[in-house]
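Chain and residue survey
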Amino acid sequence: AKEVTLGHIGITNPFKTIDVNASNGAKAVVIGNTKALDSINVNFAGNLATSTVGTLAAKAVTVNADNAIGVVDTGDATVTDSYIYTAGLQGEADAVVINTTAAATATTVTLNGNIGNDKFTIAGGAHTAAASTLTVKGDLDIGANTVAVTSNAADTGVATIDLSGLTGAAGAGAITVT
């Protein structure tokens, strides 16, 4: 089956909201870099083929690869308010990288793993607000999962990192905070 290529979306003139539904498909889907003013929602749930997404930038980003049989490979995401990721059966091809913007004051990252070995890297931006909060939650599920959270040392505000809502087996993986 031939792949479906969407190219870059909203890079020069961002849309308010971008929704891409590639669920339950048998073809590979290739999406370029994507930028929205408010939210980006990408759905690969149940997709059978390997699919890729370039960088994602919006206030809120959701990537749903729930029960996708093919590998879903997402580029780095930059968010202000929230990032929600639901892994496919094989996990991400590379680490899922989530960055917060300098304007972020309260960002929630929800990570839902699956049976694959999931890798997540979360980096706080150089916040200029008086205080910033990064909340990481979700169920990592089984596998050798790794989560690395880094607060930007250049923060002028007080950074609070809350991992109390992160559950699931870490397997042979690890959770690190720096």
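Use the structure listed above.
None of the values given here were measured: they were computed from a predicted structure.

Examining the pattern of salt bridges
If you walk through the whole model with that rule in mind, you get two salt bridges. Asp38 is the partner of Lys59 in a salt bridge, and the nearest nitrogen-oxygen pair spans 3.7 Å. Pair noted here: Lys59 is in strand β5 (residues 56-64) and Asp38 is in strand β3 (residues 29-43), with a separation of 21 residues, a long-range link. When its relative accessible area of 22% is taken as the criterion, Asp38 is described as partly exposed. Here the residues in one salt-bridge network are Lys16, Asp38 and Lys59, joined through shared partners.

Here we look at the environment of Val97
With respect to the helices, strands and loops of the structure, Val97 is situated in strand β8 (residues 96-100). With relative accessibility at 19%, the residue Val97 sits in the buried group. Distance in space between the C-alpha atoms of Val97 and Asp76 is 4.9 Å, their sequence separation being 21 residues. Among residues more than four places away in sequence, those in contact with Val97 are Gly75, Asp76, Ala77 and Thr121.

Points about the side chain of Thr110
Within the secondary structure layout, Thr110 lies in strand β9 (residues 106-112). Here Thr110 is in contact with Tyr83, Ile84, Tyr85, Lys137 and Gly138, once residues within four sequence places are set aside.

Let's talk about the environment of Val177
Residue placement: Val177 occurs in strand β14 (residues 174-177). The spacing of Val177 and Val149 is 28 residues in sequence and 4.7 Å in space, taken between C-alpha atoms. For Val177, the residues in contact, after removing those within four places along its chain, are Val149, Ile161 and Leu163.

Structural notes on the pairing of strand β7 (residues 77-86)
Bridge analysis of β5 against β7 gives eight bridges, and the strand direction is parallel. Pairing of Asn64 across the sheet is with Thr86, part of β7. Taken together, the five bridges between β7 and β9 define a ladder with parallel strand orientation. Paired with Thr86 across the two strands is Asn112, which belongs to β9.

Some thoughts on unusual backbone geometry
Although it is not a glycine, Asn24 sits at a positive phi angle of roughly 55°. Accessibility expressed as a relative area gives 62% for Asn24, which makes it exposed. One non-glycine residue, Asn67, lies in positive phi territory at about 60°. As for its placement among the helices and strands, Asn67 is situated in the loop between β5 and β6 (72-74). The exposure class of Asn67 is partly exposed, given its relative accessible area of 42%.

Quick look at the pairing of β5
One ladder, built from seven bridges, connects β3 with β5; its direction is parallel. Its bridge partner lying in β5, Val42 is registered against Val63.

Parameters at a glance
Residues numbered from 1 in each chain as written. Predicted model: local features only at pLDDT ≥ 70, side-chain atom pairs only at ≥ 80, totals over all residues. Heavy atoms only, no water. Salt bridge = Lys/Arg side-chain N within 4 Å of Asp/Glu carboxyl O. Helix = DSSP H or I, 4+ residues; strand = E, 2+ residues; numbered from the N terminus. Buried < 20%, exposed > 50% of the residue type's maximum accessible area, 1.4 Å probe, protein only. Contact = heavy atoms within 4.5 Å. Pairing = 2+ DSSP bridges.

Functional significance is not addressed by these values, which are geometric in nature.
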